[in-house]
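What follows is each chain in one-letter form.
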Amino acid sequence: MMHTRFFDRRRFFTKVVCFLAAGLGLVLTNRIQPLQAQLPQTVIYSVNPSGGQKGQTVEVRVTNGKDLDELNALWFSHPDIKATPKMQESNGKQIPVANTFLVTIGNDVPSGVYDVRANGLYGLSNPRSFVVGDLPEKAEVEPNNKEDQATPMDMNSVMNALLNGATDVDYYSFTGKKGDKVSIDCRAARIDSPAVAIVELYGPDQRRLVSERDTFRNDPYINLTLPLDGTYKIKVSDLTYAGGVDNVYRLSVHQKPHIEFIMPPSGTPGTTGSYTLYGYNLPGGKTSDWSIGDEPLQEVNVFITLPSKPTTLKMGEQGFPHEVSADGYSYVWATPAGSSNPMTIYYADGNIVRDEQTKEETLTLPGELVGQFEVKNDVDTFRFAGKANEKYSIEVFGQRNGIVMDPVIVVEQVIKDKDGKETFKQLANVGATTVFADLSGKLFDTRTDDPYYQFTAPAEGEYRVTLRDLQFETRGNPRMVYRAVIRQSKPDFRLVALPLYPQAVNTGGSPAAITLRKGDSFKIAVMALRQDGFNETIDLSVKGLPPGVTCKAASIGSGDSNAEMILTADESAQKWSGEIEITGAANSGAAKLERVARAATVLRPAANNVRADSRIARSLALSVIDEVAPYQVVADVAEVNVNQGRQILVPVKVLKRTGFDNAVALAWNGIPKNSNITAENKTIAKGKADELFQLFVNNNAKPGVYTTYLQSTVDVSYRRNPAQVDEAKKEQAEVTKRLTDAQSALAAVTKKRDDLAKATDKTADQKKAEQAKAEEEVKAADAAVKAAEAAKKAVDAKVAAAEKAATAKTVKVYAPSTPLVIRVKPAPVTLTLAVPGGGALKKGATIDVKATIKRINDFKGPVELTLPLPPGVTGVTADPVQIPADKTEVTIPIKATAEATEGDLANMVVQAKADFQGEALVDAPIKLKVTK
């Protein structure tokens, strides 16, 4: 049986690159790389099992992670999935089983994929995927590495499993009947696993029927009609035979509905419409005209009501970074035969027309043509009416809607002669245009092969758009569903927010949640996906912050796509965990746009020139923990509005705590290299708490908005969880007392027994009975002593381990300062100075400085020059001087008094003031050295 391969090359080639780079048959590059020692933050890499059946309670363990101390809760992105710690008895007390929880899934939780986070001593973790389904579930039983060891599976069941080591191969078996239509689904990539799974199916006659990988959203999915009665074997392995504790997967064998695609794939928000589902085992479905491989697809019509929020994205499956710009809603078809897999229905802006192969469609604007490249050499066309000099945008959603394709659009002007005969003038032939650039380096790859074309119509009339796949001559598949969108240009934007693990700038990134210590700051990368030439400044804000946590300012400037928001907790902030929301506001013409940022998360760091594995998350979560940060960098200025040619002086403080007093090296970050803003980096010395930092917005600085901050990297002496030592010693004291009491009790009953042996006032029978009882008491007391001694030994080891863990170690702290937003405006003049004698100025003397201005940007008015003194400089003066509108030069006498500050004067400028779109200030640096 042949099955058409239809896979996403990104994940496949990433894995192969790692495999070839290793030069081995065993590959370990898919594991999380160990991080340099730094302040702890709860991070989870895997949970097992990675899902459960609705209405059931399942035991879930956090099987791998970092800084998992004292995990006490699991948080889910659905409120009716709840977890409590699993408890066990220890020394007469109920204590939690480490990293293990009982998860109860409500009956009304829709089938689909949710986020799970772990909460512990070091905050709320990054998310991992957790699947809710409606089939019974079991766990894989090892060993099952050989065919004769296959783990039995029931039809319509799920197996939670793990490729737990290099070269691990797992076998399963199920019983089937000839003619049964069966689906075999292996979730790996769709639940954040690094495994690139391969599934092979063998029939009762031992013949291999199917081998699949990357057939459905980067995972193997098999649909087939069983050819024989008997026992079937399933083999699961990794593409490169890698394995490990994170390589989880979920294997299901079922006959419930599976949806391959929906037509139309989009709908109007807030409406109820008719949709056709295409897939397998669809109750009430009929055989369609399409097949995938040898299996004909079924189709069934349903009515679906879409929510009314058109600028949101809620995906049921895992969302890949290149899908983040689409808007859509997760749909699950619930039937008596079970719930389908979740599918995303996208929001359309305008009329939706379904392509018919027999005719050329006509679209009214805004509109969408929805169709498929279902067979080789498939080419679709549509027309629309354009107006002269009107701007139009045409784009195809293929990869951004989760479909493997490489669309091409050809745009032609339809020219008619007086007899109505048509000719066509090609305006564009557009392939992959990277609609959105790679916005965050290696961390969140938003690039796609989807084409985008914006043009101005040269004349009023008809225009024809032709659509095809780049590889249309060699491939076609009913799954290749596209949305071709045509609209008058509509500037807009979407946002993505990605928490950044605290580590050195420009490193590979790591899984992270937003964890703040008291008196701490945390960075979030915010990326703007701009549509149709939208180029306005986007002002960012945060909703849902707890008391004591703030974000002073952040903006994404005109023409930019990135900014880093800094959340700051003061020392009074209380312990807290919850969800927050980042929004961006901007003006587009007369309209004000507000968009909520989609959350993102890194799954595995970038390494070996391979981009990080990342995905769309279902929420942003923040936690404040009880620990106090060793230091905090605070910039006293949050936002400045300046003209080109201005000096900005920023007082910066380092708030030092817990005995920390090291030097703190600080470097400005976030200022683009082409901004022409000069930044001064400094070190705040040991024993010093503040410093004045200078930025200079040069005359040729690009107007716009820049969000910047000072990045520190400092070695800190850190004790990990010293409270654990206190708790262990408290327990040690209790156990020691229990041992002492047990020893005393043993001594007492031993004496009692020995005294009985010497007694002369009892009959032989009385003495024998009482001695037997005393022996039992001695035995029981001796057992109690031994138990207490074992407990004492265990608690002594616990204290030793806690003390060892709490031993001071040097760790790296990567703390950003509070942010500074710089809004640069055009200047009315440039200012140059001619300073005699290199700026040498004696106390009591005067030098004459020649100042020359050049009026720019159509400014024609007068200018006033002054000499403002920066902090730390006194006794140097100059009277204000005027340059009239018809003049460009003036002399400024600068005098030093007898009390003037001596030496080279830092941060001195002559300042020009003019009335230009309000008050405008321009600075020119001046070197002055005061001597006696």
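Definitions and limits used
Starting from 1, residues in each chain are numbered consecutively following that chain's sequence as written. Where totals are concerned, whole chains, interfaces and linings use all residues; where local detail is concerned, this predicted model gives features only for residues with pLDDT of at least 70, and gives and counts side-chain atom pairs only at 80 or more. Calculation of side-chain values draws on the structure's entire complement of heavy atoms; hydrogens and water are dropped beforehand. Only DSSP runs of H or I with at least four residues qualify as helices, and only runs of E with at least two residues qualify as strands; both kinds are numbered from the N terminus onward. The cut-offs for exposure are 20% and 50% of the maximum accessible area for each residue type, with area from a 1.4 Å probe on protein chains only; residues under the lower value are buried, those over the upper are exposed, and the others partly exposed. Contacts: residue pairs with any heavy atoms within 4.5 Å of one another. Counting rule applied: Lys, Arg positive; Asp, Glu negative; His and chain ends not counted. By convention, the charge on Lys lies at NZ, on Arg at CZ, on Asp at CG and on Glu at CD. In short, DSSP must find at least two bridges between two strands for them to pair. When a carboxyl oxygen of Asp or Glu lies within 4 Å of a side-chain nitrogen of Lys or Arg, that pair is called a salt bridge. Here the expected length of a helix is defined as 1.5 Å per residue gap, with one fewer gap than residues. Among buried residues, those of type Ala, Val, Leu, Ile, Met, Phe, Trp, Tyr and Cys that are joined through side-chain atoms within 4.5 Å constitute a nonpolar core. Helix axes are fitted to C-alpha atoms over the stretch in contact, other axes to C-alpha atoms as well, and angles between N-to-C directions run from 0 to 180 degrees. The labels follow the angle: roughly parallel below 35 degrees, roughly antiparallel above 145, roughly perpendicular from 65 to 115, and oblique for the rest. When the near helix sits turned anticlockwise from the far one by under a right angle, the crossing is termed left-handed; a clockwise turn instead gives a right-handed crossing. Gly falls in the polar group here, along with every residue not listed as nonpolar (Ala, Val, Leu, Ile, Met, Phe, Trp, Tyr, Cys, Pro) or charged (Asp, Glu, Lys, Arg). When the centres of two rings from Phe, Tyr and Trp lie within 6.5 Å, Trp using its six-membered ring, the rings pair. Their planes under 30 degrees apart give stacked, over 60 give edge-to-face, and anything left gives tilted. For a lysine, the NZ atom is tested; for an arginine, the CZ atom; a charge sits over a ring if that atom is within 6 Å of the ring centre and within 35 degrees of the ring normal. Within 3.5 Å is the distance limit for a polar contact, defined as a pair of N or O atoms, with the added protein rule that one can donate a hydrogen and the other accept it, and that residues adjacent in sequence qualify only through two side-chain atoms. Note on scores: pLDDT gives the predictor's confidence for each residue, bounded by 0 and 100.

With that settled, consider the overall build of the protein chain. From N to C terminus, the protein chain includes three helices and 72 strands. Projected onto the principal axes, the alpha-carbon positions of the protein chain cover approximately 130 × 100 × 50 Å. For the protein chain, with 932 residues in total, the buried portion stands at 54%. Pairs at least 24 apart in sequence give 72% of the contacts found in the protein chain among residues at least 6 apart. Where the 112 positive side-chain charges of the protein chain centre and where its 112 negative ones centre are 4 Å apart.

Strand order in this open sheet of three strands is β63-β72-β69, and the pairing throughout is mixed. The open sheet terminates on both sides in strands that have one partner only, identified here as β63 (840–842) and β69 (903–904).

Below, the discussion takes up unusual backbone geometry. Along the chain, E142 connects to P143 via a cis peptide bond; the corresponding omega equals 0°. Mapped onto the elements of the fold, P143 is located in the loop between β10 (137–139) and β11 (151–152). Geometrically, the link from M263 to P264 is a cis peptide bond, its omega value of -10° lying close to zero. For P264, the location among the structural elements is in the loop between β20 (258–263) and β21 (266–267). One non-glycine residue, R217, lies in the positive phi region at around 50°. For R217, a relative accessible area of 17% puts it in the buried group.

For strand β40 (residues 514–518), a buried count of five out of five residues is recorded, marking the element as mostly surrounded by other parts of the structure. Sheet topology places β40 next to strand β50 (residues 620–628); four bridges connect them, and they run parallel. Residue K518 lies in a different strand from β50, and its bridge partner there is V628.

Using the criterion set out here, one finds 65 salt bridges in the structure. A salt bridge links R383 to E422, with the shortest nitrogen-to-oxygen separation between them at 2.8 Å. Residue R383 is found in strand β32 (residues 379–386), and its partner E422 is found in strand β35 (residues 422–430); the two are separated by 39 residues along the sequence. Classification of R383 as buried rests on a relative accessible area of 10%. Between E803 and K729 there is a salt bridge, with its nearest N and O atoms 3.3 Å apart.

Turning our eyes to something else, we now look at helix α2 (residues 722–758). Over its 37 residues, α2 extends 54 Å from the first C-alpha to the last, a length consistent with the 54 Å expected when each residue adds 1.5 Å. Here the buried face of α2 lies against α3 (764–805).

Right, let's talk about the nonpolar core for a bit. The nonpolar side chains of soluble globular proteins are, as a tendency, buried together. Formed by 35 residues in total, the largest nonpolar core has its most connected members in Y631, V650, V652, L695 and I822. Residue contacts for V652: discarding those within four places in its chain leaves V633, V634, A635, L666, I684, A689, D690, E691, F693 and L710. One finds I853, A896, F916 and I926 within the second-largest nonpolar core, a separate group that totals 34 residues.

This part takes up the packing of α2 against α3. Where α2 meets α3, the axes come as close as 8 Å, and the angle between the chain directions of the two elements is 160°. One finds that α2 runs roughly antiparallel with respect to α3. As α2 runs across α3, the sense of the crossing is left-handed. Residues belonging to the contact of α2 with α3 are distributed by class as follows: 20 nonpolar, six polar and 15 charged.

Another point: the sheet that holds strand β62 (residues 829–834). If you walk across this open sheet you meet the four strands as β62-β64-β68-β66, and the pairing is antiparallel. Strand pairing shows two members of the sheet lacking a second neighbour, β62 and β66 (876–877), which therefore form its edges. Both β66 and strand β68 (residues 889–896) contribute to a ladder of two bridges, which runs antiparallel. The residue of β68 that forms the bridge with V876 is A896.

With that settled, consider the environment of A878. With respect to the element layout, A878 can be found in the loop between β66 and β67 (881–883). Sequence-wise, A878 and P868 are ten residues apart; in three dimensions their C-alpha atoms are separated by 8.8 Å. Ignoring sequence-local partners within four residues, the contact set of A878 consists of L867, I892, P893 and I894.

Inspection of every chain in the model, using the stated rule, returns 16 aromatic pairs. With centroids separated by 5.1 Å and ring planes inclined at 70°, the aromatic side chains of F76 and F130 adopt a geometry described as edge-to-face. Placement of the pair is F76 in strand β4 (residues 73–76) and F130 in strand β9 (residues 128–133), with a sequence separation of 54 residues. Classification of F130 by relative accessible area gives buried; the value is 0%. Between F493 and F534, the ring centres sit 5.3 Å apart and the planes meet at 25°, which makes this aromatic pair stacked. In this pair, F493 sits in strand β39 (residues 492–499) while F534 sits in the loop between β41 (520–531) and β42 (538–543), placing the two residues 41 residues apart along the sequence. For the pair F493 and F534, one class covers both residues: buried. The rings of F384, Y392, Y453, F455 and Y463 are connected pair by pair, giving a single aromatic cluster. The ring of F397 has R400 sitting right over it, with the charged end atom 3.8 Å from the ring centre.

Below, the discussion takes up α3. With 42 residues, α3 should reach 62 Å at 1.5 Å per residue; the first-to-last C-alpha distance of 60 Å fits that figure. Those residues of α3 lying buried are K767, A774, V778, A781, V785, A788, A791, V795, V799 and A802.

Another point: the side chain of Q644. Position of Q644 relative to the elements: it lies in the loop between β52 (639–643) and β53 (646–656). A polar contact is formed between the side chain of Q644 and the backbone oxygen of A701, at a distance of 2.8 Å. Within the local environment of Q644, its side chain forms a polar contact with the backbone nitrogen of A827, the two atoms lying 3.0 Å apart. Among residues more than four places away in sequence, those in contact with Q644 are V697, N698, N699, A701, P703, V824, K825, P826, A827, N857, L921 and V922.

Another aspect to go through is the confidence of the model for the protein chain. Per-chain confidence: the protein chain averages 92 in pLDDT, with 95% of residues scoring 70 or above. Long-range and interchain partners of residues 1–11, a stretch whose pLDDT sits below 50, account for 46 contacts in this model, where long-range means more than four residues apart. Note that pLDDT drops below 50 for residues 17–35; the model gives that stretch 35 contacts with residues more than four away or on any other chain.

Turning our attention to the environment of R128. Mapping R128 onto the fold places it in strand β9. Taking the relative accessible area as the measure of exposure, R128 reaches 2% and is therefore buried. Residues R128 and S90, spaced 38 residues apart in sequence, show a C-alpha to C-alpha distance of 31 Å. In contact with R128, other than residues within four places in its own chain, are I44, Y45, S46, Y114, D115, V116, D192, V602, L603, R604 and R615. Reaching out from R128, the side chain makes a polar contact with the backbone oxygen of Y45 at a distance of 2.8 Å.

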